[in-house]
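Observations on chain architecture
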Amino acid sequence: MAQVVVVTSGKGGVGKTTSSAAFATGLAQAGKKTVVIDFDVGLRNLDLIMGVERRVVFDIVNVISGEAKLNQALIRDKRVDTLSILPASQTRDKDALTKEGVATIIEELSKDFDFILCDSPAGIEKGAMLALYFADQAVVVTNPEVSSVRDSDRILGVLQSKSKRAEEKKDPVKEHLLVTRYDPARVERGEMLKLEDVQDILRIPLLGVIPESESVLKASNTGNPVILDGESQAGQAYKDAVARFLGEDRPMRFIEAEKRGFFSRLFGGRAA
Amino acid sequence: MSSPASEARLEPFRLRGANFNLLVLRLLDPRVEVIVPALADQFRRAPGFLRNAPIVLGLDDLDPVAAPDFNDLTAQLRAVQIAPIGTTGGGPELRAAAQAAGLPPLRAAGGETPQPIAQPAPVPIPEPLPPSGWQPTLVVDQAVRAGQRIWAQGGDLVVRGTVNPGAEVIADGNVHVYGTLRGRAIAGGADNLNARIFALNFEPELVSIAGYYAVRDGLGDAPLGRPVQVCLIGESMRFDRLG
Ligand SMILES: Nc1ncnc2c1ncn2[C@@H]1O[C@H](COP(=O)(O)OP(=O)(O)O)[C@@H](O)[C@H]1O
Ligand SMILES: [Mg+2]
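So, here is what we can say about the structure in this document. Everything numeric here is computed off the predicted structure, so don't read it as measured data.

1. Brief notes about the packing of helix α1 (residues 16-29) of chain A against helix α12 (residues 233-245) of chain A
Residues and elements named next belong to chain A. Contact pair α1 / α12: the axes reach a minimum separation of 9 Å and the direction vectors enclose 60 degrees. With respect to their mutual orientation, α1 and α12 come out oblique. Here α1 runs over α12; the crossing is right-handed. Along its contact with α1, which presents Thr-18, Ser-19, Ala-22, Phe-23, Gly-26, Leu-27 and Gln-29, the element α12 presents Tyr-238, Lys-239, Ala-241, Val-242 and Phe-245.

2. Remarks on the site of ligand 1
Residue and element names in this part refer to chain A. Close contacts around ligand 1 come from 14 residues, with Gly-13, Lys-16, Thr-17, Thr-18 and Arg-181 the closest. One of the backbone nitrogen or oxygen atoms of Lys-16 is found 2.8 Å away from an oxygen atom of ligand 1. Contact distances for ligand 1 include 2.6 Å between an oxygen atom and a side-chain N or O atom of Thr-18. Burial of ligand 1 by the protein chains amounts to 80% of its free accessible area of 570 Å². Secondary-structure elements contributing two or more residues to the shell around ligand 1 are α1, β8 (206-211) and α11 (214-222). If you tally residues by element for the shell around ligand 1, the top one is α1, at three residues. Taken together, the residues of the shell around ligand 1 break down into five nonpolar, six polar and three charged.

3. Regarding the interface of chain B and chain A
Counting residues at the interface gives twelve residues for chain B, matched by 13 residues for chain A. Of the roughly 1,100 Å² buried where chain B meets chain A, counting both sides, 44% is carbon and sulfur surface. Connecting chain B to chain A are three salt bridges. Across the pair B:Arg182 and A:Asp200 runs a salt bridge whose closest N-O atoms are separated by 2.5 Å. Where chain B touches chain A, the interface holds seven residue pairs in polar contact (both at pLDDT 80 or more). Of the residues belonging to the side of chain B that touches chain A, the class tally is four nonpolar, five polar and three charged.

4. Section: the packing of aromatic side chains
Counted under the stated rule, the structure contains four aromatic pairs over all chains. On the basis of an interplanar angle of 90 degrees and a centroid distance of 5.9 Å, the ring pair of A:Phe23 and A:Phe245 is categorised as edge-to-face. Linking A:Phe23 in helix α1 with A:Phe245 in helix α12, this pair joins segments that are 222 residues apart in sequence. Exposure class is identical for A:Phe23 and A:Phe245. Each is buried. Seen in terms of ring centroids, B:Phe202 and B:Phe239 are 5.8 Å apart; in terms of plane orientation they differ by 45 degrees. Their pairing is tilted. Highlighted residues: B:Phe202 in strand β11 (residues 197-202) and B:Phe239 in strand β15 (residues 236-241), separated in sequence by 37 residues. Classification of B:Phe239 as buried rests on a relative accessible area of 15%. Each residue in the set A:Phe23, A:Phe115 and A:Phe245 is aromatic and connected to the rest through ring pairs, giving one cluster.

Here is what the cut-offs are and how they apply
Starting afresh in each chain, residues are numbered from 1 along the sequence in its written order. Think of it this way: whatever chain is written first is A, whatever ligand is written first is 1, and the rest follow in order. Local features in a predicted model are, by the rule used here, given only for residues with pLDDT of at least 70; side-chain atom pairs are given and counted only at 80 or more, and totals for whole chains, interfaces and linings are based on all residues. Excluding hydrogens and water, the side-chain values take into account all heavy atoms of the structure. Axis angles are defined between N-to-C directions and span 0 to 180 degrees, where every axis is a line fitted to C-alpha atoms and, for a helix, only to the segment in contact. Secondary structure elements are defined from DSSP: runs of H or I of at least 4 residues count as helices, runs of E of at least 2 residues count as strands, and each element is numbered from the N terminus. For this classification, under 35 degrees means roughly parallel, over 145 means roughly antiparallel, 65 to 115 means roughly perpendicular, and everything else is oblique. By convention, the crossing between two helices is left-handed when the near helix turns anticlockwise from the far helix through less than a right angle, and right-handed when the turn is clockwise. Only heavy atoms matter for contacts: two residues are in contact if any of them lie within 4.5 Å across the pair. Residue proximity to a molecule or strand is established when one non-hydrogen atom of the residue lies within 4 Å of it. Here a polar contact is taken to be a pair of N or O atoms separated by no more than 3.5 Å, where protein atoms must pair a possible hydrogen donor with a possible acceptor and residues adjacent in sequence count only if both atoms sit in side chains. Only the protein chains shown count as cover for residues, with accessible areas throughout obtained via the Shrake-Rupley method and a probe of 1.4 Å. Following the grouping adopted for this structure description, the nonpolar residues are Ala, Val, Leu, Ile, Met, Phe, Trp, Tyr, Cys and Pro, the charged ones are Asp, Glu, Lys and Arg, and the polar ones are all others, Gly among them. Take the accessible area each of two parts loses on contact, using a 1.4 Å probe, and add the two losses: that sum is the buried area. Salt bridges are counted wherever a side-chain nitrogen of Lys or Arg sits within 4 Å of a carboxyl oxygen of Asp or Glu. Stacked, tilted and edge-to-face pairs are distinguished by plane angle, under 30 degrees for stacked and over 60 for edge-to-face with tilted covering the rest, among Phe, Tyr and Trp rings (Trp via its six-membered ring) whose centres lie within 6.5 Å. Relative accessibility thresholds used throughout: buried, under 20% of the residue-type maximum; exposed, over 50%; partly exposed, between the two (1.4 Å probe, protein chains only).

Shape descriptors only; they carry no functional weight alone.
Below, the structure written as structure tokens:
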């Protein structure tokens, strides 16, 4: 049976899609058959981050409404052959997604894949509810700021009461905290919440800390998930997080502010 | 600092304590454009009073067929930092109009018609019991998260985890939090002036006992970040360090 993993946050713009793309790619690189589904109907952009936007013919709404077969809509990644993408629709609205339709898709994908990643839209409306409903595990993406932590807290409450596992009184959804856009220098200046403060409120196991990094924007503009950029700190941090997700023990990196040496001060170097 | 929930004689509304641990704003006039300026006026004279407090709209004095525009009223009240959370009294039509604007009918303790309180993000709690008699303590084992509200009707509430910012724990009896209290804690719902709030780590957004309350900015020299007991001495709230 495949594991269904939702990448969620409540708040928008915190790095869900970036993390979904990185995780899907990382899991596939580890040899796991992985499919990543974009649930952000109307605002799709996972296909852009994954660099497959020019290969989209059919999308999840077409599949649910019977206009296309599931394997017609799946796009095989060209870099990692165990990875597929199921794009969202650009033109439909969220009402086109139905619980039954999503259930059928997930059931069918379960036969062929090890991991089904669900990239959730922001908010707690229908699209977000459907993205998390079938989850076995949740990666809760949180930025080190008060409003993002509050929204993540809210989503955790929803996972614990409104998911299929909760409704059927099964074992709860396994929760993982992924802190993204972490800027140790700004944390040190008191402009952002400390990692401990975030953990103190949310109280779920920490899967990883992804530093704020310019390489993320560069990666998304070229359609290459940042995890493929082994030079960048964000890419390395995502690699660590995926390894931990698969059970490996790795120390947290990039959570202390860098002591800037003479040369980097002189040339104003920045973290890659 | 605490504020007695009583006497405001200025038309066209009346403020009055109720058997919730909440204030009731009795509407005497259905016109939003009359109510809101009058309120704003009153509030200018009592700065800080009621700021961000939850409030229940009392519908008994309204004409049953002339419902106010509840959507507009809610928005305008929020703009002056009053947070309406539901209604009490009034006929079915008024209640329905309010409900449609997101204001569910609430049941005053000791009131006539029991109506369940809306649960925004339900945490499993036992069936609400009728208000007669004392009920067993409700024990919650997990954290209470933003957007969740837990109500121990007719008894005490024990929370073993934290109560996070944006969460609300309510008991007609005492509230015990064996974690950090960062959200709202409301004790002594049914006019129980002897109710207390206990928290192992005291960092609340709001505490209230029998309708008297203090918001974060009104906690004065309460020992924040410590184990604390909150009780009422006469009309003022007292914060004592525990242990
Ligand atoms: N670690 C990071 N460092 C810098 N920018 C980031 C990082 N993670 C995400 N971003 C940027 O934040 C924005 C929102 O990211 P996205 O993944 O689309 O968020 P969401 O899916 O939660 O709305 C994008 O512009 C993205 O490039
Ligand atoms: Mg997104």
